[in-house]
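Residues per chain, in single letters:
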Amino acid sequence: MTKVTMTVNGKSVSGDVAGNTLLVEFLRSDLHLTGTHVGCDTSQCGACVVHVNGAAVKSCTMFAAEAEGAEVATIEGQANADGSLNTIQQAFQDYHGLQCGFCTPGMVMSAAALLKDNPKPSEQEVRAYLQGNICRCTGYHNIVRAIMAASGQEVPAVAAE
Amino acid sequence: MYSFDIERPTTLADALAALADDEAQALGGGQTLIPTLKQRLASPSKLVCLSGIEELKGISRDGDTLTIGGGTTHGTIARETAEGFPGLAGLASKIGDPAVRNRGTIGGSLANNDPSACYPAAAMACGATIVTNSREIAADDYFQGMFATALEEGEIITAVKFPVPESSAYIKFEQPASRFPLVGVFVAKYADRVGVGVTGASEEGVFRWTEAEAALGGNFAESALEGLSVSGDGMIGDLHGTGAYRAHLVGVMTRRAVAAAR
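Residues numbered from 1 in each chain as written. Chains lettered and ligands numbered in written order. Predicted model: local features only at pLDDT ≥ 70, side-chain atom pairs only at ≥ 80, totals over all residues. Heavy atoms only, no water.

Right, let's get into the nonpolar core. Of all hydrophobic cores here, the largest spans 36 residues; its most connected members are Leu110(B), Tyr119(B), Tyr142(B), Phe162(B) and Phe186(B). Among the elements that line this core, the one with the most residues is helix 7 (residues 119-126) of chain B, at seven residues. The next biggest cluster of nonpolar side chains, apart from the first, holds 31 residues, and it includes Val8(A), Leu33(A), Ala65(A) and Phe4(B). (Core = buried A, V, L, I, M, F, W, Y, C linked by side-chain atoms within 4.5 Å. Buried < 20%, exposed > 50% of the residue type's maximum accessible area, 1.4 Å probe, protein only. Helix = DSSP H or I, 4+ residues; strand = E, 2+ residues; numbered from the N terminus.)

See the structure below:
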């Protein structure tokens with residue numbers, strides 16, 4: 001076992017992990033932060049996206065031990081301090097950017113990473129950035145609309161292609 | 001996954017010491033190795049994680065040589081070479097997806113030498129030099145077939161040196177589910193030569209299309225490629241495409257890369 005210490009959503013946490021413990025397993029099983037989902041476990045679907053030192057990563061494709069000393073942000077830390085939805089989360093609700101909700105934690109974390117680096121993305125850039133996040137319900141259009149709305153831009157009425 | 005120990009050295013020297021163990025395996029960004037471990041296709045008893053080693057990261061330019069640390073991620077390369085070497089930035093910016101690019105590294109990709117990886121095409125076209133902890137290896141000598149390289153056990157890619165071309169472009173035809181190239185071609189134009197590196201196509205792994213290099217060296221235009229083709233013999237044939245189809249794509253991707261680089 002290896003002792004790991006990291007900061008998760010602003011709080012210092014530590015635990016003993018096996019070498020092959022994935023970051024997502026540490027978050028879900030050790031810290032009981034089950035908002036981060038495991039969809040495919042093959043690093044394709046993006047339901048497990050969290051931020052490590054500010055960068056979006058797939059937490060099913062990183063070991064907990066690799067996050068030693070890192071700042072980790074998960075969906076649980078996204079709401080405003082008073083518990084209300086943040087801008088991106090509220091936009092997902094307003095624009096029906098989710099149906100079953102399974103992909104939503106990853107979608108919101110990817111959207112947050114995109115808007116941090118590129119506060120006014122084009123619709124094309126939003127679509128390109130979501131390449132690694134798969135949604136089987138919405139057809140993506142309302143997710144793209146939600147992210148455009150969250151960035152304070154005009155929301156496309158019907159998705160183009 | 002089978003169980004294993006994991007070490008996280010912070011210096012190259014410590015990583016090399018840890019890799020002296022026969023059963024140890026280096027872990028770069030893990031974007032290929034971790035899925036491989038999950039499928040139980042590899043069973044190292046110890047992983048030596050390279051992502052905490054700062055001396056392996058970063059990009060610097062000295063004259064016309066761009067040196068990229070082996071532990072530099074695709075995302076960093078995409079951002080930081082966009083002005084100086086846009087062909088390479090374009091390649092890096094289309095690997096996987098954003099989250100994969102934030103972890104995967106150029107050293108890891110070159111060490112793995114997947115027959116459909118993108119960087120090997122650039123390394124071959126540019127005549128890059130693979131720098132390890134013990135030596136420098138020319139790209140032509142480094143790639144030795146699918147998943148095979150000149151690296152010795154326990155050797156780590158510390159950097160890759162690219163001679164920066166006058167112009168360059170990488171075009172790939174993606175398999176839409178995996179986004180790995182069915183065929184990808186990197187074209188690099190220098191004052192005195194043109195390099196054409198082809199990935200994804202051959203059963204022998206990445207190769208230089210030397211006939212196209214010679215033709216383009218005299219006339220860097222799509223028209224110079226008229227009448228040139230590669231044989232489907234020895235090309236990868238699978239459920240995504242036959243060898244003849246991939247051979248055809250080599251010509252098409254090369255023409256598109258020349259058009260994009262001009």
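Let's pick the thread back up.
Covalent bonding between the sulfur atoms of two cysteines is what defines a disulfide. For the structure shown, the criterion picks out zero disulfides over all chains. This cysteine, Cys135(A), is not joined by any disulfide, and Cys103(A) carries the nearest cysteine sulfur, 3.9 Å off. Free of any disulfide, Cys126(B) has its nearest neighbouring cysteine sulfur in Cys118(B), separated by 14 Å. Of the residues examined, Cys126(B) reaches a relative accessible area of 0% and is grouped as buried. (Disulfide = S-S within 2.5 Å.)

Looking now at helix 1 (residues 23-30) of chain A. Because the α-helix completes a turn every 3.6 residues, residues three or four places apart line up on one side. Residues and elements named next belong to chain A. Within helix 1 the residues assigned to the buried category are Leu-23, Val-24, Phe-26 and Leu-27. For helix 1, the angular spread of the buried residues around the axis is 165 degrees, confining them to a single face. At its buried positions, helix 1 is contacted by strand 1 (2-8), strand 2 (11-17), strand 3 (49-52) and strand 5 (71-73). At the exit of helix 1 stands His-32, carrying a positive phi of roughly 60 degrees. (Arc of directions from axis to C-beta. Contact = heavy atoms within 4.5 Å.)

Residue and element names in this part refer to chain A. Relative to each other, helix 2 (residues 87-94) and helix 3 (residues 104-117) sit at 125 degrees, their axes nearing to 10 Å. Taken together, the axis directions place helix 2 and helix 3 in an arrangement best described as oblique. Every pair of crossing elements has a handedness; the one defined by helix 2 and helix 3 is right-handed. Along the contact surface, helix 2 presents Ile-88, Gln-89 and Phe-92, while helix 3 presents Thr-104, Met-107, Val-108, Ala-111, Ala-112 and Leu-115. Broken down by class, the residue content of the contact of helix 2 with helix 3 amounts to seven nonpolar, two polar and no charged. (Axes fitted to C-alpha atoms, helices over the stretch in contact; angles between N-to-C directions. Parallel < 35°, antiparallel > 145°, perpendicular 65-115°, else oblique. Left-handed = near helix turned anticlockwise from the far one by under 90°. Nonpolar A, V, L, I, M, F, W, Y, C, P; charged D, E, K, R; others polar.)

What follows concerns the domain arrangement of chain A. Residue and element names in this part refer to chain A. By domain assignment, chain A separates into domain 1 (2-76) and domain 2 (87-150). A separation of 21 Å is found between the C-alpha centroids of domain 1 and domain 2. Counting residues at the interface gives 16 residues for domain 1 and 16 residues for domain 2. Together, the buried faces of domain 1 and domain 2 total about 1200 Å²; carbon and sulfur atoms form 64% of this surface. Counting the contacts that link domain 1 with domain 2 gives zero salt bridges. Across the domain 1-domain 2 interface, the total number found is seven residue pairs in polar contact (both at pLDDT 80 or more). Where the side of domain 1 that touches domain 2 is concerned, the elements lending two or more residues are strand 3 and strand 4 (55-58). (Domains from an automatic or database assignment. Buried area = accessible area lost by both parts, 1.4 Å probe. Salt bridge = Lys/Arg side-chain N within 4 Å of Asp/Glu carboxyl O. Polar contact = N/O pair within 3.5 Å; in protein donor to acceptor, adjacent residues only side chain to side chain.)

Here the focus is the UniProt feature "domain: FAD-binding PCMH-type" (unreviewed entry) in chain B. The UniProt entry lists residues 1-167 of chain B under the feature "domain: FAD-binding PCMH-type" (unreviewed entry), expressed in the numbering used here. End C-alpha to end C-alpha, residues 1-167 of chain B measures 44 Å, and it is 31% helix and 21% strand. (UniProt positions renumbered as here; feature names shortened; annotations may be inferred.)

So, on to the interface of chain B and chain A. The interface of chain B with chain A comprises 26 residues on the first partner and 20 residues on the second. The contact between chain B and chain A buries some 1900 Å² in all, and 56% of this surface belongs to carbon and sulfur atoms. Of all residues in chain B, Ile6(B), Lys38(B) and Arg103(B) bury the most surface against chain A, accounting for 27% of the area lost on that side. The interface formed by chain B and chain A contains three salt bridges. The salt bridge involving Asp41(A) is made with Lys38(B); its shortest N-O contact spans 2.6 Å. Residue assignment for the side of chain B that touches chain A shows that the elements contributing at least two residues are helix 2 (33-38), strand 3 (46-49) and helix 5 (98-101) of chain B. For the side of chain B that touches chain A, the leading source of residues is helix 2 of chain B, giving four residues. Considered class by class, the residues forming the side of chain B that touches chain A number 13 nonpolar, eight polar and five charged.

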